[in-house]
Structures are given as C-alpha cells and as structure tokens.
Number of protein chains: 2
Amino acid sequence: MKLKVKDMDIATGGPLVVILNEDDAIKFDIHHMDRVKVKKGKKIDTVVAAIATSARTVPKGSIGMYEEVLKSLKLKPKDKVSIILARKPLSIEFIKKKLDGRRLNKREIDQIVWDITHNKLSNSELTYFVAACYTNIMSARETIILTKAMARHGDTLKLDRHPVIDKHSIGGIPGNRTTMVLVPIIAAAGLAIPKTSSRSITSPAGTADTMEVLAKISFPIKKMKQIVMKYNGCIVWGGSLNLAPADDKIINVERTLGIDAESQLLASIMAKKHSVSSTHIIIDIPAGSNSKVSSRAEALRLKKNFEEIGKKLRKHVKVIITDGSQPIGNGIGPALEARDVLWLLRRDLRRPLDLEKKCIILATETLKLANIKSPREKVLEILNSGRAYNKMKEIIKAQQGKVFNPDKIKIGNFKYNVRSSRNGIVRKISNSIISKIARIAGAPANKGAGIYLFKHVNNKVKKGEKLFAIYAESKVKINFVKEALKIGNGFVVK
Amino acid sequence: MKLKVKDMDIATGGPLVVILNEDDAIKFDIHHMDRVKVKKGKKIDTVVAAIATSARTVPKGSIGMYEEVLKSLKLKPKDKVSIILARKPLSIEFIKKKLDGRRLNKREIDQIVWDITHNKLSNSELTYFVAACYTNIMSARETIILTKAMARHGDTLKLDRHPVIDKHSIGGIPGNRTTMVLVPIIAAAGLAIPKTSSRSITSPAGTADTMEVLAKISFPIKKMKQIVMKYNGCIVWGGSLNLAPADDKIINVERTLGIDAESQLLASIMAKKHSVSSTHIIIDIPAGSNSKVSSRAEALRLKKNFEEIGKKLRKHVKVIITDGSQPIGNGIGPALEARDVLWLLRRDLRRPLDLEKKCIILATETLKLANIKSPREKVLEILNSGRAYNKMKEIIKAQQGKVFNPDKIKIGNFKYNVRSSRNGIVRKISNSIISKIARIAGAPANKGAGIYLFKHVNNKVKKGEKLFAIYAESKVKINFVKEALKIGNGFVVK
C-alpha cells in the first residue's frame, strides 16, 4: 500500500522518525517504535515509526515525516511511498548484551556506532547504550574499539606530515584560552597542528567562540587541510566538520542526566584526535576542588588511562596536570579572551602573565614530546621574536579574518565594576560563579559580553578596589547581572 | 519576555515538550532538553524545552507546543505565555543514584514515580531509570515501594468488601481465555472480583479485546465500582482507567529494547492489583519451552518472588504453574475466543475441554485461597447449574452488551483450512507461529479474524485431515496468510 508524504515541519535533531495514522498502523500491524522500510523508487531507508494519537496529526493514508527522513530519502510533500515492516537494527541485541554486563567485540561495537552515526537508533535505544556503558564500565579494549569506530564512521583528515600535533584541555576553567596561543607557537616551530575546537555549551566561551571574534571558523575538511598544509596550523570549529559524529550524539544523551562515563570521555576525546590523524597529543587536566577534575588523585588516574589508551592507539600522549583552582587569564567571554590572546602574542604589557606562563609550559612539553631540541628556548624565541604573532596573523587571514589588532576588538558598551567590600587577600575565586556571571552578562552569544578580572588568588586588595569589571551589550543584561550578584560575586577576600 | 503559542499538531505520547526558536533559546540561555516554566495567567507548568533547528518550525518569538502541553496548560494557538528557566526535576539525581548502583529510599522512588506519572521526564531520562533498575536489580524492599508508589499515583478503587479477588496470567499462550470463565464463577460464588484486563499488544487477542465482542469495556472507575457492588464482578479494559499510569510508561520504554526486568514485572502486575484493593490474588504462570517463562526452574523462582512481594503487601497470593507448551482452547482471536467462552459457560458440547479443565483448577484454587469450603464441588456446581452463565449474562448486560448467544457471534466470512501433510501424532504446536498466523489473518483489529484449532498435542491425525481453520474478514488477508504458511504452520506431526 502507498502512503502520501506529509511534511511535519519538525526536525528530531537526529533519529529518523515517521508518523503513521493509527488505523494504518493497525492495518500493517506496526507498533509504536517499530522499524519500517520506507521506499520511494529505488531509494529505501529504514526508520522508526511513531503512531499518531489523532487523525489531525496524520490522516489515514498519509505518512508524517520529520525533516531528517525527508532529507535522507529526498522526498517532497505529497510524494507517494510504500512501507513494509523491518527488523530492528542489529545493534539492539548488542546493546542488550552490554546492559546484561557482557563484553562487546569489535563487530558489535562497530555495528552500534554505525547505527548511531546513521541515526538508526531512537533516543531511548541510544540512552540504553550510554547507560549500559556507564554501569557496566567498558574495558580498555572496548574503549579502544569504540574510539576507532567513532573516528572511522565519520570524516577523517589525512595529512602527509609527521608529526601531527594535537592538544586538548579538559574544560571548566574560565579564561584558559591556551589553544589560541599554542597553535601559532607550534605552527611557527614548523610542526603541523590541525586543531579543531568546540563551542561553549555551559561555559562563557569555547575556543571556537573566541576564534570567531577574529576569523571564520566553519570550513569543509578539504579547505582545512589546505590551510594546514600551507600554514602548519588552523583553529576551526569541530562542529562544522563531520568528525566522529556518533560521539556528539552520545554526549547529548549523557548531558540529559549529567553523567560522565570515564571510558566514554576518553573515547570521545581520542576519537576526535584520531580523526585528524594526530600522532603527538598534549592533554591538559586542570585539577582543583573548584574544577571538573576535583582532586589530584582523580587527575592522576585519568592521566594513566589517557596514556594507556594513547599507547594502544600508537600515539605519543603527554598529560600535564595543571592548577584548576581559579580562572586563567583576565578576560572571560569571547571578545575579552580574544583580546588577551592577541595582547599575549603581541607581547603587550597588558597581557595576562598566568596564561602566558601556562602556554609556555604546554608549548615546551609539546615540542619535547616531538623530540625538538631546547624546547623551552625555542618557545620563548618564537614568542618574543613576534613569530608566533605573525603566524597567528597568517592563520587568521587564511581563515578569512581581518582582526589582528587587540585594541580594535569590540568589547560590550555597558560596564559594571565589582569592588571589594574589605581589605585583605583574595583567597579563592569560584570558577562556576564567575562563569555564571559572564553568561548572564550575555557570553558567549553576545561576543563582547563577559568579565575582566583585575585580581587573582593571593593578590592583595583594598576595600573599594575593583575585583573585576562586567561587560554587556545591553543595559538589561547589566541589570540581570546586578540581580545575580546579590547572591555572591565568587570572590573570597580575607 | 512573552512568546506566542504555536500548535505543532503532534502528540509526544507522554512527555511535556515545547519547542523554542534557536535565537530565543540563546537569549534565555536555554539548552536542548533544559526545563522551563511556562506561565499563562495563574497557570504554570514545568516542561522540557527542545530547540528548533529551523525558523520554519518555530519562528522567533513563538513557542511550539505538543498536544500534551496545550492540554495541560489549557492553551490555544496565538496565546501569549512567559517562560523562565527551571530546575531539573528532583528525580534526575535519584535516577543517577540508582544508575550508580545505590539503593533508593521511599522518598526517592516516590518522587521518580510522581515525575513519571506527570510526564515530567523526557524519554531519555525515563530510559535511564529503566536501565538502572535493570542492571542494578531492585531489592525486594525497593520493589514494594515502587509497587505502592505506582498504585498511589493513579486512580484507586476502594471496595467495601472482603475478600476482593484478583487474577493474573503471564501472557504468551494463544487462546487461554481463563479470565472470562473465572470471573463469572467467582462472582456467582458471592465473592467480589473487580477485574481489569489489557488489550493485546503482540498477541492475537487480549481479554479486553475478547470481552469487547460481547460488551462495552471502557468505563469510568465510578461506574466500574457500581457494577462490582451490584454483580460482584466485571471485566473491563484497564487502559480506560487511570490505574498505576507510571507502569504503562515504564513498560513502553522496556519494550524498546525488549527487556523484561523481573523486579519491574512483579511491580507492574502487583501495582495494578494494589490499585483495585485486591486481597486475594491467583497468578497463573504458563511454563514451557514454547512460552514466555521457558523452564520450570524459572517459573518456580518467579513464583517465590510473587509470593514474597504478596506477603509484604499483606495480600494472599497463590501462584499456579501451568502447562504453557501449546495453545489453550480452540478459538484464537477475539470473536473465536469469545465463542469458546460462551460455549463453555453454556455447557455446549462444542466447548474446549482443555480450557474448561484449566479454569476449574484456577477457580478451585481461588475459592480455596478465600477459605471457601469444598471449593471444587462448588465450582462444578456453579458451572453445571448454569449459574456461571447467568452471572456472565448479568455482567454483559451491566457492561451494556447484548451478545449472549455464542452462535450469534460474527466470525470472519473468509475461511481457509490447513490440513496435515501426513499421518501421525501431533507432537508440537508453536505458540508463536499460531499467534503470528492469527495476527496476519487480522486479529485482534478484525474481531472475527483468527484461528480455530481442530487438533491439540498428542491427537492422532490423518493425512489430509484438518489441523485448523483460518478466518479472516477479507480475501486479501487470506492471501497474506497463505503466503505466510509457506514458511510453516506451527504443527509438528510425526
């Protein structure tokens, strides 16, 4: 029997779903969440069927389609399609197996990742997989297989270069824009560093948001390759590429419950690195009671696991545990962080020295990992000679940007200073409260919004002295911030 | 800020979901699957927010609403509502706790069940809960708490009677329509039996589908109570009542992966019984390689668990393990099974003796459980005197039905006989193949469709003799069946 396509005008954001009228579903003996094969000419795709609860949604003889299915089958409204009942995806059995606490082999994990990548699983099925891997922790072997499978079922970047450098910071520390300093240093040292970064999800700025202040960040993978082949480095948004797409879908489901399966975290980070063929990877784990990794013991365990998985993937991995107890750099928010970065690269006196110090350590360790002699001297020379800044200019130009002068970066017009209510020493700065205030001010959506810190931990401060300034792009946002500040400003002065 | 309501014209089938335009979401700092409070006048409700991927779906300044939200907040298209970011439901933390392998207490389980009942959890969150209870098996204590919570957060039937009888059969055996024989016997014996039954999901007929051939099955709980107070018994569709609604939602999610958490199964069955205040419950577990409970050992374990939970709920529970190796009764499909039942109650010579024998055993055990003297004699007297049939007539009338004569039941007009290809003895009949054939013939949606068995296991059969007849309401369906029969008819004759 033929059904007439009805465009539901909604995207599911992933899973391929069609909606059947209840009477048609009974006729075909199709149940809610059964799989059906939808056929139009020679095109055929297996999708999940939902049953409409009212004929108003999908009339008898019609088939409601979400955007993903219309796109996948290249269908238009009123097209006629035929449907037949299909088997469940193979991976359902394997997910059940993992949920039962058994180990999965290569073929099984590969099938699951394929089905995730191609939107063959419903949200509920994908959730079962994530829950299974969370409660029945994946072995190192399973994690490796998962990592490779996620990378393979996506685009990959092959570079005819060696070594290929990559870098990752575990997030959660406001400021901390090391990537944008590290990439030009490494590239200026003559090494390839095809860096992909993410946008912020819950922080005031991701590296991608910050780079976007200076240049374009979305490129097809071919163009990214050209830039790296010519200039050694790039800083592009990973979301514009199709690297390990299964990973993004898994992360979305994890976020639902706020769980962070460690095996999943490892696989997630390493899959993206594997996709761009990195050979040498530097990983920065900021640890501190105030950050994502809350203790040194936890950081050491994570370090060990990163090194183990790196070894099995035949990559040189160096993990550095850094101080995650307070924000790093002065600017927080895309424009303010971009300005810090350019000040730093231009050796401007206003540059944040804590960020500089950290970047020099990371860059030195990176060159050391790649067997470059006198790495620290080299890093200092590249930075102080202006070669790092020149490389950054090249990269910004290659990424179709025009902003090279930090003082031309537009910061929010509305400003509010937060001052100390007493004399003393700054004992603590809360990463989460500072992030929250910057977000309420409008970051990262309002590029010019955020915070500029005048004080860090251990600095002396007088009563009435400025702790930080808040920038926003509207008066309303400043008022929101003032409201939020009543609960606290994140500083402990004693 | 105010947003304009847009009716998406779709039901989610549960979760309360709204859709925001991407720009508005950024403005409010709301992420996919965050909670928001939607407010219209004094009405306020917390819902899950999805983000539209195109402005075509939800334009800026609008808020897309699924049917459930429109209904819950009594909203019309173009109404203006305000939204603010809300906290996640409390139960998210408790679900995470269970996923981490820890025990849940009464307050925590209660909160989860409340949130499930009121559609406060997304599908993914609910899936996490089901997965958590599956991998980190619930203790007996947790199961009891869950059972009571599911019953409490739904409608309940309070009867001023004692004892209150109930009955449950684990499904999977075609035919096996014991409820419709048992209820009139027990009611005729003077005991209250407020029976709720389900419709078929994957079988050719549920008790509700079969009773619907004779009478109405959807009643408000008040009317159900009146019927039971007057006639001692009823056979109504549980789906028309709001008994333990959280249970139905959990079962839906279990079905996704085809998992059957035993603690969940126990809680599910007992919650429905608890909702109607049953005091004495008879449970029939058909066991056999061919049925849901595949071994006697498994049946015994299940029996023990049912008895334990029954004891803790202060109910008298008797579990009977029966033969689940083949279909029971001759008719399979709503009309054919209803005819079997009425033939049986009217002592017609055409009645199925295997079903009769099983019903007599179940009824006897039920009366024994309720401390009635000479239970077997009493059951036989009620059946043979016609009192059971008269009671069934009363119940049918009370449920606004008019069909009392089995020979007036309309069976499908199209018939096809399946014959033995050899002489021999019937060694095996496959429950699943017989079910499948009956469903392909149109059962349960086509009431008159199904199968009538002429032979059971251990019967002698000659080559060319009829094994069973297939009934359908259209020629097309008969052709479908003929096609399916090429793979096998479910009979092993040797």
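Before going into details, it helps to say that this report is about the structure given with it.

Each value, and the rule that gives it
- Residues numbered from 1 in each chain as written.
- Chains lettered and ligands numbered in written order.
- Predicted model: local features only at pLDDT ≥ 70, side-chain atom pairs only at ≥ 80, totals over all residues.
- Axes fitted to C-alpha atoms, helices over the stretch in contact; angles between N-to-C directions.
- Helix = DSSP H or I, 4+ residues; strand = E, 2+ residues; numbered from the N terminus.
- Parallel < 35°, antiparallel > 145°, perpendicular 65-115°, else oblique.
- Contact = placed C-beta atoms within 7 Å.
- Nonpolar A, V, L, I, M, F, W, Y, C, P; charged D, E, K, R; others polar.
- Least-squares fit on C-alpha atoms with pLDDT ≥ 70 in both.
- Left-handed = near helix turned anticlockwise from the far one by under 90°.
- Pairing = 2+ DSSP bridges.
- Expected span 1.5 Å × (residues − 1).
- Buried ≥ 20, exposed ≤ 12 C-beta atoms within 10 Å, placed from the backbone.
- Core = buried A, V, L, I, M, F, W, Y, C linked by C-beta atoms within 7 Å.

Moving on to the packing of helix α4 (residues 106–117) of chain B against helix α10 (residues 245–257) of chain B. All names here are of chain B. Relative to each other, α4 and α10 sit at 80°, their axes nearing to 8 Å. Classified by the angle their axes make, α4 and α10 are roughly perpendicular. Judged by residue contacts, Val113, Ile116 and Thr117 of α4 engage Pro245, Ala246, Lys249 and Ile250 from α10. Along the lines of polarity and charge, the residues of the contact of α4 with α10 split into five nonpolar, one polar and one charged.

For these two chains of identical sequence, chain B goes onto chain A by a turn of 180° and a shift of 0.1 Å along the axis, with RMSD 0.1 Å. With respect to symmetry, the two chain copies, as superposed, fit the operation of a two-fold axis. Relative to the rotation axis, the C-alpha of serine 124 of chain B is the closest in chain B, positioned 2.7 Å from it.

Okay, the packing of helix α6 (residues 140–152) of chain B against helix α11 (residues 262–275) of chain B next. Residues and elements named next belong to chain B. The contact between α6 and α11 brings their axes to 8 Å, and the two run at 40°. Put simply, α6 runs oblique to α11. At the point where α6 passes α11, the crossing takes the right-handed sense. The residues of α11 that touch α6, namely those facing Thr143, Leu146, Thr147, Lys148, Met150 and Ala151, are Ser263, Leu266, Ala267, Met270, Ala271, His274 and Ser275. Looking at the contact of α6 with α11 residue by residue, the class counts come to seven nonpolar, five polar and one charged.

With that settled, the discussion passes to the pairing of strand β4 (residues 43–51) of chain A. Residue and element names in this part refer to chain A. Bridge count for strand β2 (residues 17–20) against β4 is four bridges, and the pairing is parallel. Opposite valine 18, over in β4, you have alanine 49 as the bridge partner. Relative to β4, strand β3 (residues 35–40) runs antiparallel, the two sharing six bridges. Its bridge partner lying in β4, valine 38 is registered against aspartate 45. Hairpin connection between β3 and β4: a loop of two residues separates the two successive antiparallel strands, and glycine 41 in this loop has a positive phi of roughly 60°.

A few words on the interface of chain B and chain A. Taken together, the 34 residues of chain B in the interface contact 34 residues of chain A. At the level of elements, α3 (91–99), α5 (123–135) and α10 of chain B are the ones that each hand at least two residues to the side of chain B that touches chain A. Considering every element that reaches the side of chain B that touches chain A, the biggest residue donor is α5 of chain B, with nine residues. By residue class, the composition of the side of chain B that touches chain A is 16 nonpolar, twelve polar and six charged.

Below, the discussion takes up the pairing of β3 of chain A. In terms of strand pairing, β3 of chain A meets strand β6 (residues 80–86) of chain A through five bridges, oriented antiparallel. When the bridges of β6 of chain A are listed, lysine 39 of chain A appears paired with serine 82 of chain A.

Residue and element names in this part refer to chain A. Taken in spatial order, the three strands line up as β16-β14-β18 in an open sheet, and their pairing is antiparallel. Both edges of this open sheet fall to β16 (460–461) and β18 (491–493), since each of them pairs with a single strand only. Relative to β16, strand β14 (residues 424–429) runs antiparallel, the two sharing two bridges. Bridge pairing in β16 places isoleucine 425 opposite lysine 460.

Below, the discussion takes up α6 of chain B. Residues and elements named next belong to chain B. An ideal rise of 1.5 Å per residue puts 18 Å on 13 residues; α6 measures up with 18 Å between its terminal C-alpha atoms. Among the 13 residues that make up α6, ten are buried, leaving the element largely enclosed by the rest of the structure. Tucked into the core, α6 has its buried residues touching α4, α10, α11 and α12 (296–312).

This part takes up the environment of glycine 61 of chain A. All names here are of chain A. Position of glycine 61 among the secondary structure elements: in the loop between β4 and β5 (62–65). By the C-beta count within 10 Å, which is 14 here, glycine 61 ends up partly exposed. Glycine 61 sits 19 residues away from lysine 80 along the chain, and the two C-alpha atoms are 9.9 Å apart. Residues within four places of glycine 61 in sequence aside, it is in contact with Leu3, Lys4 and Asp24.

With that out of the way, let us pick up unusual backbone geometry. What is expected of a backbone is that most residues other than glycine have negative phi and most peptide bonds are trans. Note that the residue after alanine 443 of chain A, namely proline 444 of chain A, is joined by a cis bond; omega there is 0°. Of note in the backbone geometry, asparagine 371 of chain A takes a positive phi value of approximately 65° without being a glycine. Structurally, asparagine 371 of chain A can be placed in the loop between α14 (353–369) and α15 (375–384). In this structure asparagine 371 of chain A comes out as exposed when scored by C-beta crowding, with 10 C-beta atoms within 10 Å. Non-glycine residue asparagine 119 of chain B carries a positive phi angle of around 60°.

Moving on, we get to the nonpolar core. Core analysis: the largest hydrophobic core is formed by 264 residues, its most contacted members being Ile185, Ile186 and Ala441 of chain A together with Ile185, Ile186 and Ala441 of chain B. With residues near it in sequence (within four places) discarded, isoleucine 185 of chain A still touches Ala363, Val379, Ile382, Leu383 and Ala388 of chain A. Grouped together as the second largest cluster of nonpolar side chains are 58 residues, Met8, Ile10, Val18 and Val69 of chain A included.

The next subject is helix α16 (residues 387–398) of chain A. Residue and element names in this part refer to chain A. Helix length check: α16, at twelve residues, gives a terminal C-alpha distance of 16 Å against a target of 16 Å (1.5 Å per residue), a fit within 8%. Taken as a whole, α16 has its buried residues at Ala388, Tyr389, Lys391, Met392, Ile395, Ile396 and Ala398. Of the surrounding elements, those touching the buried residues of α16 are α7 (179–188), α9 (221–231), β9 (233–237), α13 (334–345) and α15. Glutamine 400 occupies a position one or two residues after α16 and carries a positive phi of about 60°.

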